[in-house]
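What follows is the residue order along each chain.
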Amino acid sequence: MTTPSVTPGAGPASSLPKPVRIVLRLLAAVAWTLLGLLAYCICQGMFGGYQQIHSALLTTLGMIAIALIGGITWIVDERRPHDDE
């Protein structure tokens, strides 16, 4: 019985042409940046004082989202093999 070889990075995105992958990565980076800026604005209370949109709840949810994203990023980075080790 032979085991199939696994090529690093051979996911569904690797079957796309290189220019399409570049554009998708750029769009993903822009989207994540905009979401990060929105989370920052919410957490800083820039939308504060608006009872009709429950701004206090938005601030709390924004801080929880930032903490969760940071924790998930740390866990994923710790599981990744590093070249310097």
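Placed above this text is the structure.
Reading the values: rules and limits
- Residues numbered from 1 in each chain as written.
- Predicted model: local features only at pLDDT ≥ 70, side-chain atom pairs only at ≥ 80, totals over all residues.
- Heavy atoms only, no water.
- Helix = DSSP H or I, 4+ residues; strand = E, 2+ residues; numbered from the N terminus.
- Buried < 20%, exposed > 50% of the residue type's maximum accessible area, 1.4 Å probe, protein only.
- Areas by Shrake-Rupley, 256 points an atom, 1.4 Å probe, with all protein chains shown as cover.
- Patch = residues over 30% accessible without salt bridge, like charges linked within 9 Å, V, L, I, M, F, W, Y side chains within 5 Å.
- Salt bridge = Lys/Arg side-chain N within 4 Å of Asp/Glu carboxyl O.
- Expected span 1.5 Å × (residues − 1).
- Contact = heavy atoms within 4.5 Å.

Engineer: Would you take a moment to explain the overall build of the protein for this structure?
Structural biologist: The helix and strand tally for the protein stands at 2 helices and 0 strands. Within the protein, buried positions represent 7% of all 85 residues. In the structure as shown, the protein presents an accessible area of about 7700 Å², 69% of it carried by carbon and sulfur atoms.

Engineer: How should a nonpolar patch on the surface be read in this particular structure?
Structural biologist: A contiguous nonpolar patch, built from L57, L61, I64, L68, I72 and V76 and spanning about 570 Å² of accessible area, is present on the exposed surface. Classification of V76 by relative accessible area gives partly exposed; the value is 43%.

Engineer: Just checking my understanding: could you explain helix 1 (residues 18-43) for this structure?
Structural biologist: Residues that lie three or four places apart on an α-helix share one face, since the helix turns once every 3.6 residues. An ideal rise of 1.5 Å per residue puts 38 Å on 26 residues; helix 1 measures up with 37 Å between its terminal C-alpha atoms. Taken residue by residue, helix 1 has A39, C41, I42 and C43 as its buried positions. Contacts from the buried residues of helix 1 go to helix 2 (55-79). Remark: G45 follows helix 1 within two positions and exhibits a positive phi of approximately 75 degrees.

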